[in-house]
Amino acid sequence: MLASIISLAVTLLWPQAAANSMAPHADVRPQESPPQVHAEDIAQLRAQAEGGIASAQLKLARAYESGVGIPQDDQLAALWYRRAAEQGNSEAQDSLGAKYLTGQGVERNKEEAVKWFRKSARQENASAMYRLGAAYYNGDGVPVNDSLSYAWFTLAKEAGNQDATEAVQRADSELKPGTIISAFKKMAEMYEKGGSLPENQAEAARWWSKAAEKGDLDAQVALAIKMINGQGVPQDLARGRHLCNEAAKHNDHRAEYCMGYIYQHGLGVTRDDKKARNWYELAAAKSEIHAMRALALMEIAGEGGKTDRVTAFLLYARLAETKDQDALRSMAKLRKEITPKEWELLQKPLLHLRIDPSKLDLVLQHIDTQ
């Protein structure tokens, strides 16, 4: 792993230790200022904190933590950090996570620490992002993961954390290119899905682009789809089609679905249902879920070829195996249209999929198709 930042664990466990200028240290919070609370202010501050004002709770917690204007008390510091953190204060969430990581004022719990770092990082708190990077580097509360570690260090760097800047510089020279590409993709996914970070399609496109520039096929297709839909980037049908086509040359299933989608909807090309169906068939053979759904509908409608309800039913059966509830409803609806001859043709293929046709038939009769 990143040998040059091995001291990271030490600085996390003993945040009051003297910082090594050549190694990252997790207690740096550049967005915060030192507590400026004096003894005469404590009574008023406590009243505001007890009144539920998160900013006052945060200041009171810092006062207890530092012993400025009030006797130092880690337990009370943790208590007030928690109250502010539960109200969504990102700095308090970050500080409470640090308390759990070191066991100061609370029982040490690395998993709980990571939980609070995540809440804070989702609000783009640079310190919390850095701490998540450190957690994935050390395996503190999460499995060791160099890609996620690099991803969070990079996000913290972009948010202005100097320690993260140093960590990224070292990692750039020591990690394998594939690990860094994986980190770019993870950042893109986080922004795209809006889970660990606020949804931001422009940022998702930016990180997909960085991974695509390194030759990653998945990233090329993801970026192409964004270009085709104008999602997070200006719509560029020609460029999107080119990226999908290049990835499809490597038999990439997502690229094959992308090409099918382009031809089915006439995006920058003349609509061609036959070509769309052919591309979807290639992707569906590799179990690409979106292609299987699209192909099933084309088979039912006879778009790009003959109507084939048997093939469509089997596609839905494969989708249903992935716990796709919509696929079950589609099967139930399609079952009403299937002829006795077609149902006979489905017997062996269903058994090959380890599905009992008679039991399936009973299940489908009880599914609401509306």
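A. Summary view of the overall build of the protein chain. When its secondary structure is counted, the protein chain shows 20 helices and zero strands. Among the 370 residues that make up the protein chain, the fraction classed as buried is 47%. Counting only contacts in the protein chain whose residues sit at least 6 apart along the sequence, the fraction spanning at least 24 positions is 53%. Surface accessibility of the protein chain: about 18,100 Å² in total, with carbon and sulfur atoms responsible for 49%.

B. How the structure looks around the nonpolar core. Residues Trp-152, Phe-313, Met-331 and Leu-350 are the most contacted members of the largest nonpolar core, which totals 108 residues. Ignoring any residue separated from it by four or fewer positions in sequence, one finds Leu-350 in contact with Phe-313, Leu-314, Ala-317, Trp-343, Ile-355, Pro-357 and Leu-360.

C. Expanded view of the environment of Glu-65. Tracing the backbone through its elements, the reader meets Glu-65 in helix 3 (residues 54-66). Residue classification places Glu-65 among the partly exposed positions, given a relative accessible area of 27%. Considered as a pair, Glu-65 and Gln-104 are 39 residues apart in the sequence and their alpha carbons are 9.5 Å apart. In this structure the side chain of Glu-65 is engaged in a polar contact, spanning 2.6 Å, whose partner is the side chain of Tyr-81.

D. Quick look at the environment of Gln-231. Relative to the helices and strands, Gln-231 resides in the loop between helix 12 (217-229) and helix 13 (237-248). Exposure remark for Gln-231: the relative accessible area of 33% places this residue in the partly exposed category. Remark: the alpha-carbon pair of Gln-231 and Ala-204, spanning 27 residues in sequence, is separated by 9.5 Å. Ignoring sequence-local partners within four residues, the contact set of Gln-231 consists of Gln-201 and Lys-226.

E. Highlighting the layout of surface pockets. Counted as a void, the second largest pocket has a volume near 270 Å³. Lining the second largest pocket we find Glu-192, Val-221, Ala-222, Ile-225, Lys-226, Asn-229, Gln-231, His-253, Arg-254, Tyr-257, Glu-288 and His-290. Taken together, the elements giving at least two residues each to the lining of the second largest pocket come down to helix 12 and helix 14 (253-265). For the lining of the second largest pocket, the leading source of residues is helix 12, giving five residues. Looking at side-chain class alone, the lining of the second largest pocket contains four nonpolar, four polar and four charged residues.

F. Focus on helix 15 (residues 273-285). With 13 residues, helix 15 should cover 18 Å at 1.5 Å per step; its first-to-last C-alpha distance of 18 Å lies within 8% of that length. Lining the buried residues of helix 15 we find helix 14, helix 16 (289-301) and helix 17 (309-320). The N-capping residue of helix 15, defined by a side-chain oxygen 3.1 Å from the backbone nitrogen of Lys-274, is Asp-272. In the segment just after helix 15, Ser-287 is the residue with positive phi, at about 65°.

G. Inspection of helix 19 (residues 340-352) at higher detail. With 13 residues, helix 19 ought to run about 18 Å at 1.5 Å a step, and its terminal C-alpha atoms sit 19 Å apart, in line with that. Within helix 19, the axis deviates most sharply at Leu-346, by approximately 35°, and proline Pro-349 lies no more than four positions further along. For helix 19, the set of buried residues is Glu-342, Trp-343, Leu-346 and Leu-350. In this structure, the buried side of helix 19 is in contact with helix 17, helix 18 (325-335) and helix 20 (357-365). Immediately downstream of helix 19, the backbone of Arg-354 shows phi near 65°, a positive value.

Parameters and conventions
Residues numbered from 1 in each chain as written. Predicted model: local features only at pLDDT ≥ 70, side-chain atom pairs only at ≥ 80, totals over all residues. Heavy atoms only, no water. Helix = DSSP H or I, 4+ residues; strand = E, 2+ residues; numbered from the N terminus. Buried < 20%, exposed > 50% of the residue type's maximum accessible area, 1.4 Å probe, protein only. Contact = heavy atoms within 4.5 Å. Areas by Shrake-Rupley, 256 points an atom, 1.4 Å probe, with all protein chains shown as cover. Core = buried A, V, L, I, M, F, W, Y, C linked by side-chain atoms within 4.5 Å. Polar contact = N/O pair within 3.5 Å; in protein donor to acceptor, adjacent residues only side chain to side chain. 1 Å grid on protein atoms, 1.4 Å probe; cavity = no way out; pocket = protein on both sides within 12 Å on 5 of 7 lines; lining within 4 Å. Points joined across faces, edges and corners; volume = space filled by probe spheres on them. Nonpolar A, V, L, I, M, F, W, Y, C, P; charged D, E, K, R; others polar. Expected span 1.5 Å × (residues − 1). Bend = angle between axes of the 7 residues up to and from the residue.

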